[in-house]
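# Coordinates in review
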Amino acid sequence: MKLPSKSPLIDVSFVFDAGAANDPPGKKGLAMLTARMVADAGTAHRDYQAVVEAQYPIAAGLTAQVDKQMTRFAGTVHRDALDTWTE
């Protein structure tokens, strides 16, 4: 993968056109809860503790931000660990 920047850090963002405005009536906060579950949970292949342990040595992570009209997942990782982080 060719990366244009000379910075050693890579910022990765995934933005979805769905946010708090899409919460069903009577279920305020559902978008935030869902985003937090995606960013701070395990996967089908790794439980939460394994995900945390895999990210710690490469100083990486994933955060979630929910706005009225969008949800954004973002992470920063050193370019040398990008392939490991995306796995």
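These numbers were taken from a predicted model, which means no experiment stands behind them.

All right, on to the sheet that holds strand β1 (residues 9–16) then. Strands pair in a sheet through their backbones, by hydrogen bonds, and they do so in one of two ways: parallel or antiparallel. Pairing in this open sheet of three strands is antiparallel, and the strands run β1-β3-β2 from one edge to the other. The open sheet has two free edges, formed respectively by β1 and β2 (63–66), since each of these has just one partner strand. If you compare each strand with its neighbour and ignore which way they point, the axes differ by 20 degrees on average. Both β1 and strand β3 (residues 71–78) contribute to a ladder of eight bridges, which runs antiparallel. Paired with F14 across the two strands is F73, which belongs to β3. Here helix α1 (residues 30–39) sits on the sheet in contact with β2 and β3, set at roughly 165 degrees to β2.

This next bit is on the nonpolar core. Residues I10, V12, I58, A60, V77, A81, L82 and W85 constitute the largest nonpolar core, which totals eight residues. Among all residues touching A60, those that are not within four sequence positions of it are Q55, T76, V77 and W85. By size, the runner-up hydrophobic cluster in this structure holds five residues, among which are A35, A39, V66 and F73.

So, on to the side chain of Q55. Along the chain, Q55 falls in helix α2 (residues 48–55). Within polar-contact distance, the side chain of Q55 engages the backbone nitrogen of G61 at 3.2 Å. What Q55 contacts, discounting residues up to four positions off in sequence, is A60, G61, L62 and W85.

For A59, which is not glycine, the phi dihedral falls at a positive 50 degrees. Among the structural elements, A59 can be located in the loop between α2 and β2.

Definitions and limits used
- Residues numbered from 1 in each chain as written.
- Predicted model: local features only at pLDDT ≥ 70, side-chain atom pairs only at ≥ 80, totals over all residues.
- Heavy atoms only, no water.
- Pairing = 2+ DSSP bridges.
- Helix = DSSP H or I, 4+ residues; strand = E, 2+ residues; numbered from the N terminus.
- Axes fitted to C-alpha atoms, helices over the stretch in contact; angles between N-to-C directions.
- Contact = heavy atoms within 4.5 Å.
- Core = buried A, V, L, I, M, F, W, Y, C linked by side-chain atoms within 4.5 Å.
- Buried < 20%, exposed > 50% of the residue type's maximum accessible area, 1.4 Å probe, protein only.
- Polar contact = N/O pair within 3.5 Å; in protein donor to acceptor, adjacent residues only side chain to side chain.

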